[in-house]
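Structural description and commentary
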4 protein chains.
Amino acid sequence: MLDFPLPNSSKIAPLTRRHRVPWGDCDPAGIIYTPRALDYAMETLEVWSRDTLDISWLKLHRELSTGLMTLRTEIDFLSAPTADDVVVLELRVEKLGGSSLVSVVSGHDGSGRDYFRVKIISCLVSIPEHKPKQFSGEFRQRILAYQATCRDNN
Amino acid sequence: MLDFPLPNSSKIAPLTRRHRVPWGDCDPAGIIYTPRALDYAMETLEVWSRDTLDISWLKLHRELSTGLMTLRTEIDFLSAPTADDVVVLELRVEKLGGSSLVSVVSGHDGSGRDYFRVKIISCLVSIPEHKPKQFSGEFRQRILAYQATCRDNN
Amino acid sequence: MLDFPLPNSSKIAPLTRRHRVPWGDCDPAGIIYTPRALDYAMETLEVWSRDTLDISWLKLHRELSTGLMTLRTEIDFLSAPTADDVVVLELRVEKLGGSSLVSVVSGHDGSGRDYFRVKIISCLVSIPEHKPKQFSGEFRQRILAYQATCRDNN
Amino acid sequence: MLDFPLPNSSKIAPLTRRHRVPWGDCDPAGIIYTPRALDYAMETLEVWSRDTLDISWLKLHRELSTGLMTLRTEIDFLSAPTADDVVVLELRVEKLGGSSLVSVVSGHDGSGRDYFRVKIISCLVSIPEHKPKQFSGEFRQRILAYQATCRDNN
């Protein structure tokens, strides 16, 4: 069981990150190289876990021999940002199972233009055996609180 | 219309690449960082276009103002390679539409262990307008020849 | 000659960026993979050009067929950050020549621990000929103003 | 002390790798993004250690709690390859100290055009203390054999 000393769930707010596309993430066609969208999405999932849930992947790994393993991703590319464009990244939790998590990271320009939408299906696992573990205790409560908060904000 | 001076289609063989996972593509858990699978798959699509079809993306871009835009990807992560592991990458064409291409890149260890399977749905487009273009002439014939060759090899 | 419509030089302030090391930038030893330090430094140079000087590399490239080409870099690795560590990035201009620029990006933890120091020697060039161009007009004035500001702050 | 079961030193040959620059390593100016040169050089050092010396970094790390820490790099950028260009990578050992190693990775096009030259100064260290360790036994002999072989080939 995971027992993380977590702050009060009531402080949880929907995550929004702003990422300005760097020159080096763009290809000779002048737009972001396709795989970078998955980099942005995975980093958003990591930031969400660390800053919103207060559970960093490094701590999870080192102190609890636990990791969030990606099982599947689906990416829809809707339009391509170029260097200097700001990508607004948002994460919502679509579904929380016993040991599975379905999250969706969307990237848009903040004024109605969608860049991409990334669905990430993950599984909480023990390290290094990669056996499924339950989202329990405060970990589960925090994710559920996040889901509720996002729902209220829509 | 695309008219590329291409060699005889009969020389086309199924593409297989061997990629040894470098240290820097692995994360603190010791396995490849999730997004690198999409990097490997996209690079396989690029190599296939350049070396198998003899149509490099750079030439396509510079000489024909044309690009292969990714519309959607689906990745299934089946097991995770670590540093030094060899990933055998193979590409097959699932479907060729008028201007769309569905390709599947699979990564395995060469002896029955699957690492990942990446479906890439692309669209041939004009640059910079991003308007769909038809796969025509030798471009289409080559892709169809590749499909036929892969079928014969199974 | 470069003639960029630039805001008043008096608003220039020393650049400081905070970058939290993501999980995916770290290697199986748990520290950032060596080359990422150069990524952070180059991105700092890019951000400085865009946000401090108000000259984005994309605009420089597209509107003036000009680029900042790297001639040489020297990196000293002093200690290695791990995932979740905040790297404070600062840039100072060591020397501005006719068409050359020597900048130093340092990365530290904000409380006395140095991570790395990257010297970048660049040359302003025409694209695609890669012929040296002069830093002139507002471009030069802005860089000199930045140098003066950093000097005053020390 | 490091005692690796190594094959006979007489089989050591100068390392040469061929790396075709992928589309995604190039920037909107159409040339490789500067930091990628350091990626190529570090990967060459890794391949040299694993394939030429038969000492993989992963094994070094896992079985001997030892790592090759980079202290300093110096990169000279001589000309910039574009997508599809083949970069021929070669490594020579400039100096082997007690626990330090100075290696130089050069990248060229195979017909007289130099792309970059990367000097990497490394130190063999214990993990996680990062205390210097001696290159000893077969590890040292293999590196010295490599130096001698490269000398004979010039």
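Residues numbered from 1 in each chain as written. Chains lettered and ligands numbered in written order. Predicted model: local features only at pLDDT ≥ 70, side-chain atom pairs only at ≥ 80, totals over all residues. Heavy atoms only, no water.

**As for the relation of the copies chain B and chain A**
Taken as rigid bodies, chain B and chain A are interconverted by a rotation of 180° and an axial shift of 0.0 Å, the fit giving an RMSD of 0.0 Å. Taken together, the turn and the small shift mark the pair as related by a two-fold rotation axis. Across chain B, the smallest distance between a C-alpha and the rotation axis is recorded for Glu 74 of chain B, namely 2.2 Å. When you check the interface residues of chain B against chain A, 100% turn up at the interface there too, and the contact is symmetric in its surfaces. (Least-squares fit on C-alpha atoms with pLDDT ≥ 70 in both. Contact = heavy atoms within 4.5 Å.)

**Focus on the packing of aromatic side chains**
Considering all chains together, one arrives at 16 aromatic pairs over all chains under this definition. Ring geometry for Trp 57 of chain A and Trp 23 of chain C: centres 6.3 Å apart, planes at 85°, overall edge-to-face. In this pair, Trp 57 of chain A sits in helix α2 (residues 57-64) while Trp 23 of chain C sits in the loop between β1 (16-20) and α1 (36-52), so the two residues belong to two different chains. With a relative accessible area of 9%, Trp 57 of chain A lands in the buried category. Of the residues examined, Trp 23 of chain C reaches a relative accessible area of 7% and is grouped as buried. (Phe/Tyr/Trp six-rings, centres within 6.5 Å; stacked < 30°, edge-to-face > 60°. Helix = DSSP H or I, 4+ residues; strand = E, 2+ residues; numbered from the N terminus. Buried < 20%, exposed > 50% of the residue type's maximum accessible area, 1.4 Å probe, protein only.)

**Some words on the packing of α1 of chain C against helix α1 (residues 36-52) of chain D**
Running from amino to carboxyl end, α1 of chain C crosses α1 of chain D at an angle of 175°, the nearest separation of the two axes being 9 Å. Here α1 of chain D runs roughly antiparallel to α1 of chain C, going by the angle between their axes. Note on element contacts: α1 of chain D touches α1 of chain C through Arg 36, Leu 38 and Asp 39 of chain D, opposite Arg 36, Leu 38 and Asp 39 of chain C. Each residue belonging to the contact of α1 of chain C with α1 of chain D can be placed in one class, and the counts come to two nonpolar, no polar and four charged. (Axes fitted to C-alpha atoms, helices over the stretch in contact; angles between N-to-C directions. Parallel < 35°, antiparallel > 145°, perpendicular 65-115°, else oblique. Nonpolar A, V, L, I, M, F, W, Y, C, P; charged D, E, K, R; others polar.)

**Looking at the interface of chain B and chain C**
With eight residues of chain B at the interface, the matching set in chain C holds eight residues. Of the roughly 800 Å² buried between chain B and chain C, counting both surfaces, carbon and sulfur atoms make up 70%. Looking only at chain B, the three residues that lose the most surface to chain C are Trp 23, Gly 24 and Pro 28 of chain B, adding up to 63% of its buried area. At the junction of chain B and chain C, the tally comes to zero salt bridges. Scanning the region where chain B abuts chain C turns up two residue pairs in polar contact (both at pLDDT 80 or more). Looking at the side of chain B that touches chain C residue by residue, the classes come out as five nonpolar, two polar and one charged. (Buried area = accessible area lost by both parts, 1.4 Å probe. Salt bridge = Lys/Arg side-chain N within 4 Å of Asp/Glu carboxyl O. Polar contact = N/O pair within 3.5 Å; in protein donor to acceptor, adjacent residues only side chain to side chain.)

**Thoughts on the sheet that holds strand β5 (residues 114-126) of chain C**
Ordered in space as β1(C)-β3(C)-β4(C)-β5(C)-β2(C)-β2(D)-β5(D)-β4(D)-β3(D)-β1(D), the 10 strands form an open sheet in which the pairing is antiparallel. What marks the edges here is a single partner per strand, and that holds for β1 of chain C together with β1 (16-20) of chain D. Strand-to-strand twist of the sheet, defined as the mean angle between neighbouring strand axes without regard to direction, takes the value 25°. Note that strand β3 (residues 86-96) of chain D and strand β4 (residues 100-108) of chain D share eight bridges and pair antiparallel. Following the sheet pairing, Lys 95 of chain D is matched in β4 of chain D by Val 102 of chain D. (Pairing = 2+ DSSP bridges.)

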